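Observations on the three-dimensional arrangement
Residues per chain are reported as follows:
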Amino acid sequence: MSKINSYPNISNDLKEKILSMYKASMQEDSDKYSFSETKDNYQEIDSLYCYEKDNEILGFINLFTPNQNEYYLYPFVHPDHRNTGIFKELLNHLIKELKKIPAKKTDTYQTPVFMLPLMKECKNFNEVSKIYNDLTKGQKEIELLMSINLTKDMYTPTKDIYITRTFPEENQIVSKIIKKETHETVGYFSTSLFEDKSTCMTRVFVKPEYRRKGYATEGIGLMLNYLARKEYNKVILNVTGSNEKAIGLYDKLGFTVVSEEHFYIYSN
């Protein structure tokens, strides 16, 4: 007999069971799914919904809630049991449960928003995408992952600026983009450093009056040179698919799109 069980508190035994099932069945396409392969990262999961039959887990959805009104749903069905309706049954069950969650009273009432991430490279992308599209009526955002391999002196400066670097944390650098002539800060960005000598760039910002004038290109270019000298080998970043200006900036610097994630948005 099959049923869907909810686990608001995930025991170590359940973590091991899920992880073991996941690794054993996803040898070919494990890198295509938004699901942690490490037990330590289960601390980010707020609840787990499992489709079980005869004490065996055939599929599940893990639920991550970064704030009071957003819910990120990450589903997985064992390859041997796909195309049998388990995915739809799990998703509809969870949506039904989440609809019971009352709106949080702030200045205005906010209805819960459910985010359903799906990697474009996923083997059953078209099948799952159709289900998500039907559920969300086509509401979605696309997030691109862009990457560049670093070489020394890869960027040639063209503007009269410099960047300063501060280290608020051991594995993070915050850089300011500054005009040499006036010493005015025109923008900033953050870079996270990883043990495998790769880095991730985030929070790129330039003051409105200095946008479209090459300051972001110059500042990031100088940072690429710095990271290469420090023997880092790669920079990655995420950008919204609709942000054509930012994509153009990163493309000009030599970044390329390496993966695409679709976030389907369902709201009450």
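In case you missed it, the structure is sitting above this.
Everything quoted here is computed from the prediction, not taken from an experiment.

1. Digging into the pattern of salt bridges
With the rule as written, the count across this model stands at four salt bridges. Linking K180 and D160 is a salt bridge whose minimum nitrogen-to-oxygen distance equals 3.7 Å. Linking K180 in the loop between β10 (172–179) and β11 (185–193) with D160 in the loop between β8 (140–149) and β9 (161–169), this pair joins segments that are 20 residues apart in sequence.

2. Digging into the packing of aromatic side chains
All told, the structure shown has eight aromatic pairs when counted by the stated rule. Plain terms: the ring middles of F114 and Y266 are 5.6 Å apart, the flat faces sit at 15° to each other, and that makes the pair stacked. One end of the pair, F114, is in strand β7 (residues 113–119); the other, Y266, is in strand β14 (residues 256–267), and 152 residues separate them in sequence. With a relative accessible area of 11%, Y266 lands in the buried category. Following the ring pairs from residue to residue traces out a cluster consisting of F87, Y132 and Y264.

3. Focus on the packing of helix α2 (residues 86–98) against helix α3 (residues 125–136)
The contact between α2 and α3 brings their axes to 12 Å, and the two run at 30°. Comparing their axes, α3 and α2 come out roughly parallel. Once α2 is placed against α3, the crossing between them reads as right-handed. Across from F87, K88, L91 and I95 in α2, the residues of α3 making contact are V128, I131, Y132 and L135. Residues that form the contact of α2 with α3 fall into these classes: seven nonpolar, no polar and one charged.

Criteria and thresholds
Residues numbered from 1 in each chain as written. Predicted model: local features only at pLDDT ≥ 70, side-chain atom pairs only at ≥ 80, totals over all residues. Heavy atoms only, no water. Salt bridge = Lys/Arg side-chain N within 4 Å of Asp/Glu carboxyl O. Helix = DSSP H or I, 4+ residues; strand = E, 2+ residues; numbered from the N terminus. Phe/Tyr/Trp six-rings, centres within 6.5 Å; stacked < 30°, edge-to-face > 60°. Buried < 20%, exposed > 50% of the residue type's maximum accessible area, 1.4 Å probe, protein only. Axes fitted to C-alpha atoms, helices over the stretch in contact; angles between N-to-C directions. Parallel < 35°, antiparallel > 145°, perpendicular 65-115°, else oblique. Left-handed = near helix turned anticlockwise from the far one by under 90°. Contact = heavy atoms within 4.5 Å. Nonpolar A, V, L, I, M, F, W, Y, C, P; charged D, E, K, R; others polar.

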